[in-house]
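Here is how the chains run, residue by residue.
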Amino acid sequence: EEEEEEEEAAAGGDTAGATDLASWLSSVEVPEAAAAEYARKLSARCGGGGVAALAAAPPSQAELRGLGFKRGHAALVASELAFARQLSALPAQPAATATWLAQAGLPASEALLRAPGLAAASLGSAEQLRAAAGSLPSRLLDPSLALKRGHAALLAV
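This structure is a prediction, so every number in the text was calculated from the model and none was measured. All residue numbers refer to positions counted from 1 along the written sequence of the respective chain. pLDDT decides what is reported in this predicted model: residues at 70 or higher carry local features, side-chain atom pairs at 80 or more are listed and counted, and totals for whole chains, interfaces and linings draw on all residues regardless. Side-chain numbers come from the whole structure's heavy atoms, not from hydrogens or water.

Re the environment of Ala-102
What counts is decided by this rule: Numbering of helices and strands runs from the N terminus, with a helix taken as a DSSP run of H or I at least four residues long and a strand as a DSSP run of E at least two residues long. In this description, contact between two residues means that some pair of their heavy atoms is separated by no more than 4.5 Å.
Here Ala-102 is to be found in helix H7 (residues 92-104). Distance in space between the C-alpha atoms of Ala-102 and Leu-154 is 11 Å, their sequence separation being 52 residues. Ala-102 has contacts with Phe-83 and Ala-111, leaving out every residue within four places of it along the chain.

Now the structure itself:
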């Protein structure tokens, strides 16, 4: 037991950063047990920091695999970190729209690409879509938005 505690302390222990990372990993669909293990390793990698420290210097998929991540988890985490970095470059309203679009089921790349146009057209949130319910299908298919039919249908429900 003492040996485990020493290993945990060397790996960053149960720091606030590891707790923050475990919570974030769980939120992006990494199973809880794996999230806790990965969080300790990631926290140690970024000096005990949390998600902000990780996003500032994101690891590659190969580096995540080297830390013991399963292939799918490494790809997922790398993708989510890339989305977070791109999202931070957007102004506030399109960033909120992109986050909402990704949560609604659009792929991250589509969410980032379509968010500015939807926000500018006052269709950037669930509330705005509900308010436009009568004209919504035609507005979502407006060529200026360049929204794919399937994605428009997903948002129209």
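Now that the structure is up, let's keep going.
Quick word on the pattern of salt bridges
Going by this rule: The salt bridge definition used is simple: a Lys or Arg side-chain nitrogen within 4 Å of an Asp or Glu carboxyl oxygen. Note on exposure labels: buried denotes an accessible area under 20% of the residue type's maximum, exposed denotes more than 50%, and partly exposed covers the range between, all computed with a 1.4 Å probe on protein chains only.
Per the stated rule, a full pass over the model turns up five salt bridges. One salt bridge connects Lys-148 with Glu-110, and the closest N-O pair in it is separated by 3.8 Å. Of this pair, Lys-148 sits in the loop between helix H10 (136-140) and helix H11 (149-156) while Glu-110 sits in helix H8 (residues 108-120); the two residues are 38 residues apart in sequence, bridging distant segments of the chain. Taking the relative accessible area as the measure of exposure, Lys-148 reaches 44% and is therefore partly exposed. By relative accessible area, which is 9% here, Glu-110 ends up buried. One salt bridge in this structure joins Arg-130 and Glu-127, with 3.7 Å as the shortest N-O distance. Of this pair, Arg-130 and Glu-127 both sit in helix H9 (residues 126-131), three residues apart, roughly one helical turn. On the basis of relative accessible area, Glu-127 is assigned to the exposed category, the value being 53%. Through salt bridges that share partners, Glu-110, Arg-114 and Lys-148 make up one connected network.

None of the figures reported here should be taken as evidence of function without further support.
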